[in-house]
Structures are given as structure tokens and as C-alpha cells.
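Inside the fold
This is what each chain is made of:
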Amino acid sequence: MMHYFVEAARPNFKSLLLSTVAVLVAAAPTVALAQAATEPGQAAAAPDPAQAQTAAEPDPERIVVTGFQRSLQEARRLKKLSNIELDVIVAEDMAKFPELNLAESLQRLPGVQITREAGEGRRISLRGLGPDFARVQLNGMEVLGNVDSAQDSRGQRSRDRSFDFNIFASELFSKAQIEKTYEAAQQEGGMAGTVGLFTGKPFDYASGTKAVVSAKLGTNQYTKDAQPRLVGLFSENWNNTFGITVSATYSKRRTTEEGHDTYNYTDLQPADAQALVAGGLDISHLSAADQAHFLNTHTYFADGNRLSSWDARQERLGLTGAVQWRPADNLLFTLDLLHSQFTTHRDEYHFATRPLNGAGSTTLDDAAGAPWPAAYQSAAVVNALTFDSNNYATMTNVSNVTFGSEHRRELNKNNFNQGALTYKWDVSDKFKIDGHVGAETSKYDTPYDDKLYMRAKGNLVANYGPTGQSASFSYPGTNLTDPSIYTLDDFYYRSFYNESKLYEGTVNLHYTVDPVFTIRAGAAYHRFTQSGANYFYDGNVNGTNGEMRGKPATGLTDVYSNASGSWLVGDFDKTFAAFNEYHRLGPKADGTGGAIQDIEQVFTIKEGTFAGYAQLDWDTTLFGKHVRGNVGLRGYDTRTESQGWIQGNSYAYLGTSDVKGHYSGVLPALNAVVEMSPELLVRFAATQNLNRPPLSSLAAQGSASADQYNDDGTVAANAKISASRGNPNLKPFKDTTLDFAVEYYFGKIGLLSAGVFQKWISNFFDTVPVFNIPFSQTGLPLGSLKGVTPTTNVYEFDEPLNQSGIKPVTGIELAAQSQFSFLPKPFDKLGALANFTYVHANSAITGISPTSFNATLYYETKIWGARVALNHRSLYYNGHNDAPLSAGTQGYFGSTYIDAAAFWNITPKFQFTLDGINLTNQSNTQFWGQPHYLYNQTRSGATYLAGLSYKF
């Protein structure tokens, strides 16, 4: 009997990293004394003038702020000076961001939660709202970019407004900030907030030549591969008159996520159970009571019961270029260029229950017929069943189970390009003009996403524990690596494509009326388009199940092993050669195989917006207190248009729908800061903002069908017509938000802040059926159904519609950071930062944890430093349903990730680094249903990197 569990051995490299950090901390007094005379050069960004003044003073006890500390200090300075609520992360040095992934950096800011993919940060949720509500800007220009996810349940092949932060290497950026409150001068959108990413500019650095090269080599406890990460940056500044900066990053890594998962469940009615037994399913080994329960009770069984592994080989290339030119003292042009290429070769390996003549994808299977071999022509035998109070089968012991072994191989290519020209003209002391023009493209292409299926016969005990929230599988008497129990099934060929384009232009006018008031006004144009299609060519249509099904798998397999077990998977190259097959979306050259039928998600969306604003900024003294802020209005006018395929039975193309939409409005915004003292600030904001509808809901794609047709294919006179379509005329989400925050600044780095916000969100939408309307009101092309006229009655029409009502979101954010300079040496080099967020939201708002917290403890001297970071988010939902057992209720259990980093400045220009990511090998566990039954649980292993960098 073989038992497989989701467990992983602790790697020695983890112990080495933690031991190294411990030794460094223990050696602090010696190193601090021995190296006191050596101080590396100042970090890349210009120092705060106040800092420079302090540095000139002969104070032997002063704190020397470099590296991570300097990053915190500069971020604090920018936060304090801002008139809106702002959180900032600044690069520690040239081409050295605090974390290896942008999302992982942002997660240490209050109000930010992230999702991870193969242990790496992917998307962020911000201030009580999911990833679709957080807008991202790159060098001041909005950016949209989606990458592939390994799993459908995480939004695989998503085409939405969310941004995937793993598309970029963090070393490309000099600063990332989150604008949590809105001002009229900011482009509308991003109701949760706006994330701003900024690449390095030549005028960021002192005159002359600056350069840095960095090389890291890492590995993962599961993949045990060599993972290179290379960075180079060069900058030349000719006395702040002309400058050029170029940077490049390249990384290569293998990833794996492995564990147990299900396809949710199969709902087994008594009639279904009775039909299975009548067809041959053997339940004679059960007690009389258990047989009666199985036959007469509405029960639920886990689907899939699957061992899974998602293995990927990833390559990421990033290139940036920046040119700055100051032809006159009052005129500055900046050209920013960025190219990112993220390529993933993925192999998925799954071993799951896949009955041929049974219920769903459960262990329950009747006898199969030809062309399946004799072993498949006998039914499963149920030895034991255990049900919980919801009649969910938490344990099944079944013999002669039918399994499916799936090998899926895919290539995903993501290319992002952006060019932005920014201008700033100080026409006079009082009048200034600035803005930008730019364009970007984001392409997501999957040339092939193919599946090779085999079947197997054996025994399975699937145990989900008393609560259904854990999993262990054993296969008594079955050798999963024995080729004789396997037979071939078929190939399934797929391909996907998606492209987004954005063109943008802005102009801003600033007029200083007097030392107190500044008037700002501006206009913007924004045009966005997205198009794509999904292609599915399964074994029934392409003919491979007729050629392959029931054939022996001997000689066409490989043994796959992970921490959960070992089983056989199909070898693509060998099986392709054996059956003269290859990736295709149509008949072979010899004419075998039918035409592709299933083409989905075919639509184009166009969205154009004109916007203008007027804003008054003030900076004055009131009742002896320094008061600053702004108040303004922003108007917008957005027009949308979408073309989408209308499809009928068996995905038949019926025509193209073309629908236009329009909305406009005005958004007021007020931000105020009162400096109670130089150290104590009170902030208040009252704003309105919007969030444009999801792209999938705007798409004009849809379906149309009838329950009765005439012999000539026309719709019968008494037929019931059903139709559906996306709605390009959806109005955006709108919110009214109040923010209040208190911030206390102390020392060089210290900050205490507490804030509360309240959002009232309207214009949520739902897909609501409308009954008995004329066909002309559906927006579908008239010819999509033969014989239909504009007045033909449509029995049911479904489209997303805005709903009335307000959904509130309440949040509290607490943050603190400090350098412990009050401690005796050597502990005065310790520092910490931490934050806590609590959010209470309506259940319709998903993707956010009610509580989250982050904490970082660091020790940093002029020569060396180390830090460890902890990030926790509580359980959260990404879907709700009122039914207790429904796949519409889904979410993730809480998780805690621990990362670490250390550096040693061998010389002022030569640095050695260590990084550890996901040190505890945190599991990623997804659940379904109100009882939180296990849906998917994976681990991806800890990753470690060691590197060297040199500054010129």
C-alpha cells in the first residue's frame, strides 16, 4: 500500500541562510568597530537637504542613514510632504529595490494585500477592494498587463483591469507609491487607489557616469535548479542638461506548485445513486445502513481527488531607457521607454478520478464498453464511505476506480512595451505647464496549450479529514508506475490570444496666484482597446480519441514524481511520433480530423475618455497652524464600443454584435493637511471616484438559441428563445469616500500613523434575466437566428445591469516604523516597521481579507545588514453563494509568508547579498462552500539567492 501526503523536507540551504543571518547579528559589535572608518557612498537618490545639513554637523552619535534605512527615510519624507494620503517605497540604491518582486514590496504598506503565484507576488488588493479596483500607472501613464496563471481557479488567462506585478522585475524601478486618496488632478479611476511605478532617470543621479552590475544565483527547495538573475544599469548625466539612463534585467527560474485538489463536487441525487447501482456499481461491501443512506439520501462527493503539479520554466527580460534634455533652464523633456518580456514553458501533471460511465469526476464508475480494454469493462466497488453532517463524503474507499492521467504542456508569451514623453515648462515664476503623451501595448499569447490524456485502473482511499479541509490519498494494492494499468485516451489542442493597447495624452496648467493659492487646470485623453480569442479543439473533433482510445500506453510514458507521490504521465514527443500528431487547430495534412468548432471569448472593446479638471491648492497658516491641501472638480466623458461573437449550439458562430455605450459625470475631491506641529500631522479627505466596469462584462459577446427548430433550421413558431450578451453600456462603479488620518514623525526614520476610511460604493451590477421582450431590444444581430424578426418574442434575455443600492466598506490602518537608536550599542542599529489593517465590507465585495499585518525587523550598519519580513492575511472570499454547498462560494484560507535578506559591503562599491523567499514553505489553500471544504492546496517551496553587485 502506498500513501502520499503533501509534505516537503526542509532544505539545508534554509538553515544555511538563517545561520548566516544569526552569525552576522552575533558579529555586530566586532564588525561595527572594525569597519567604523569605512563608509560606502551615498545611495543613488539625492539626499534630503535637512539630512545634508545634519550630516555636516560634528555629531559622533548621529545615525548614518544608508541602504534600507535611507529608503525608509526618503519614503517617509515624500509621505509627509504630500497633500494626499500617500505611501511610498524607494529603491535602496541604483537598481536595488527592497524586495525581488514589486508586489512583495507593496505588501509592507498598510492596506495592501497580495496574492502569490508559485511563491511570487502577483496581484494586490487595496483598502477593501479587489485587484480590479487598484489602478497602476507607469511613469505617470496608466498600465494594463495580464500574465498567465497556472490555475483556472486563480483567473487563468484572465482579461481584466487587474495588473500582474510579476510581469516586471523590481530592479527596473526607482520608486513605487500608492495614492490612497484622490485629487481632481489625478486621472479618474482606481477606486481603491492608484499605484505609481517609476523607473530611474539620469537626473536622479549626480553629474557624471554611474553604473551598477549585479548577478544573483539561486535555487528552490523543490526544483533544485540554478536560477540566475542579472541586472545592469548605466547612467550618464551631463550637468543636468542632457542625460541618458539604460537598464536591463534578466532572470531564469524553474517553479513548481504541487499538492492535492478537487474540481469542487458532484451533487448526487438518490435517483443518480440508484442508476449507478443498477448499472453495476458494487455497494455490497457497505453495511445495510450505509447502502440505504447512499441510495436514498441527497449526497455530495469530491470531484477529481487529484494529485497535481504545475511545473514551469520562466524567463523574464526587462529593458528600460530614459533620456532627459533641458534645452533651457525652464524646460525639461523626459522620454521613458520600457520593454518587458515574460515567457513561461509549463508542464502540468495531474492524476485524478475520471470515470468513463459514472458520476461527474468521482470515484464512482460503472462498467465501460469498447474500445476500452477488459479491465475497464467492470464497475467500481465501494468498500467504505464516511459522510459529515452536510452529507459530504469526507472519506471514500473504492476499488477498481477509473483514473485519468493528464499531461498538459503550454507556452505563454507576454510582451509589454511602453513609450512616454513627459514635458515640463516653467513659463514664468507663476505659470507652469506639464504633461505627457504616450502609448503602450500588452500582448498575451499562448501558441499552444495542449493536453495528453491517459486512463488507468486501480484502488483509492481519499480522506479529507473530519472537516473536509485536509487531504491524504492512498492507493492500496495499486502501483501507479506500472504501465500495464494505463491506456491512451486522446489529445486536446488549445490556443489563446489577447492584446491591449493604450494611447494617452495629458496637459496640466499651474498658476500661482500668490504665496497661498495655486490654480491648477488640465485635460486628458485616454483610448484603450482590447481584443482576443480562445481556441479549443478537443479529441472528439480532432479525431485523436478515435485513433488512440483504448490503445496500450506502454513505451509512451514517463514516471513523474513529486512530494505527493509518483505516477505515469504521457510523453508528448513519443506519442506525437507514434500517431503522427502535432499541435494543430484543424485537420491534419491527410485530411483526418474535423474543423475546429469551439472558438470562444471573441470580442473587441474600445474605450475612449476625455477628461478635464480645475483644482485650487493652498498652503497657508490658520490659527497658528500650517494648513495645506486642495479642492477641485474633475469631469469625464467616456464612450465605449464592443464587437463580439454571438454563438449558438455547439459554439456555432451566428453573427457579430456591435453595441455602444456612454457615460459621463463630475467628481469632486477635497484633501486637507493640518500640521499641529512639525512632527504631528492630521489629514482629512472627502472624495468621489469611479472604477470602470470589468472588461468581461462590457464585452458584447453572447449566445442565442431556441428549444425548437423547423427542418430547414429556422426557429419554430412556438419556440422559446434564450439569449445573453455583455453590456458595453454598463455604468462605472462610483464611490464616496471619507478619510481621516493622524501621523506622528520622529527621529530620522520614525513614524506612527493611524487612519480610518469609509467608502459608500454604488453601481454594482448583476446579470438579471429579462423575460418576454422583442428581439430588437437584445442588441443581437437580426440574422443570428434564422426566421427571427425584430418583433419575435425572446423568452429570456440575460445581460449584466447596474443595480441600485449602496455597499459600504470601512477600514482601519495602523503603521509604525522606527530605528532603535535609543538602545545601547550594538543594538542601536536595530529597526522595525509594522502595520495592521482591518476592513469590513459588504459580502458582495470579494478578494480582501478582513485583517492583515506586516512586520519587518532589520539590523543595518554601514558595512552589513540583515532583515526578516513577515506578511499575514486572514481568510478571504472571492465568491459568495447563499446555498451552503455551492461552488459559487470560494476563497482562500489565511496565510503567513516569511522572507529574509542580508547584505555585506565588501568594499564601498562591492556588495554581497543573500535573499530567502517563502522560508516556511507556506501552503496556498483554496476552499469551496460555506463549510470551507478543500478545493486546492499547493506548496511551491522556499527560494534562495546569493549575489554580488558592483557600482562604478
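Please read all numbers here as calculations on a predicted model, not as lab measurements. (Residues numbered from 1 in each chain as written. Predicted model: local features only at pLDDT ≥ 70, side-chain atom pairs only at ≥ 80, totals over all residues. Heavy atoms only, no water.)

1. Quick notes on unusual backbone geometry
Definition in use: What counts as a helix is a DSSP run of H or I of at least four residues, what counts as a strand is a run of E of at least two, and both are numbered from the N terminus.
Note that the residue after Ala370, namely Pro371, is joined by a cis bond; omega there is 10 degrees. Among the secondary structure elements, Pro371 is positioned in the loop between β15 (331-353) and β16 (381-387). The step from Lys825 to Pro826 runs through a cis peptide bond, and the omega angle for that step is 5 degrees. One can find Pro826 in the loop between β34 (807-819) and β35 (830-841). Although it is not a glycine, Arg127 sits at a positive phi angle of roughly 50 degrees. Structurally, the position occupied by Arg127 is in the loop between β4 (120-126) and β5 (134-138). The residue Asn391 is not glycine, and still its phi comes out positive at about 60 degrees.

2. Here we look at the packing of aromatic side chains
Inclusion rule: When the centres of two rings from Phe, Tyr and Trp lie within 6.5 Å, Trp using its six-membered ring, the rings pair. Their planes under 30 degrees apart give stacked, over 60 give edge-to-face, and anything left gives tilted. Note on classification: 1.4 Å probe, protein chains only; a residue is buried when its accessible area is under 20% of the maximum for its type, exposed when over 50%, partly exposed between these limits. Only lysine NZ and arginine CZ atoms are considered, and such an atom sits over a ring when it is within 6 Å of the ring centre and within 35 degrees of the ring normal.
If you walk through the whole model with that rule in mind, you get 43 aromatic pairs. For the pair Phe301 and Phe387, a centre-to-centre distance of 5.7 Å together with 85 degrees between the ring planes defines the contact as edge-to-face. Residue Phe301 is located in strand β13 (residues 299-302), and its partner Phe387 is located in strand β16; the two are separated by 86 residues in the primary sequence. According to the relative accessible area criterion, Phe301 is buried, its value standing at 1%. Here Phe491 and Phe572 contribute two aromatic rings whose centre-to-centre distance is 5.9 Å and whose plane-to-plane angle is 40 degrees, an arrangement assigned as tilted. Note that Phe491 is positioned in strand β20 (residues 486-512) and Phe572 in helix α10 (residues 572-579), a separation of 81 residues in sequence. Here the aromatic cluster, defined as three or more aromatic residues joined through ring pairs, consists of Tyr349, Phe351, Phe403, Tyr475, Tyr486, Tyr560 and Trp567. Its end group placed over the ring of Tyr745, Lys80 keeps NZ or CZ at 5.1 Å from the ring centre. Here the guanidinium or amino end of Arg116 rests over the ring plane of Tyr897, the centre of that ring lying 4.0 Å away.

3. Focus on the pattern of salt bridges
Keep this limit in mind: Here a salt bridge means any side-chain nitrogen of Lys or Arg lying within 4 Å of a carboxyl oxygen belonging to Asp or Glu.
Under the criterion given, the structure shown has 45 salt bridges. With a shortest N-O distance of 3.0 Å, Glu581 and Arg584 are connected by a salt bridge. There is no split in this pair, since Glu581 and Arg584 are both buried. Each member of the salt-bridge network shares a partner with another, and the members are Lys79, Glu85, Asp87, Arg127, Lys180, Arg683, Asp739, Glu743 and Glu813.

4. Side note on the nonpolar core
Stated precisely, the cut-off is as follows: Only buried residues count toward a nonpolar core. Its members are Ala, Val, Leu, Ile, Met, Phe, Trp, Tyr and Cys residues joined through side-chain atoms within 4.5 Å. The contact definition used throughout considers only heavy atoms, calling two residues in contact when any of these lie within 4.5 Å.
Counting residues in hydrophobic clusters, the biggest one holds 55 residues, and the most contacted among them are Phe294, Phe351, Tyr486 and Trp567. At 5 residues, strand β18 (residues 431-463) tops the list of elements feeding residues into this core. Residue contacts for Trp567: discarding those within four places in its chain leaves Leu307, Tyr349, His350, Phe351, Ser405, Leu480, Thr481, Tyr486, Asp558, Val559, Tyr560 and Asn562. Counting residues in hydrophobic clusters, the runner-up holds 38 residues, among them Val112, Phe133, Leu138 and Phe165.

5. Description of helix α4 (residues 67-81)
Applied cut-off: In a helix, the anticipated span is given by 1.5 Å times the number of residues less one.
End to end, α4 covers 22 Å across 15 residues, agreeing with the expected 21 Å (1.5 Å per residue, within 8%). Among the 15 residues in α4, 11 count as buried, and that is most of the element. Taken residue by residue, α4 has Gly67, Phe68, Gln69, Arg70, Ser71, Leu72, Gln73, Glu74, Ala75, Arg76 and Lys79 as its buried positions.

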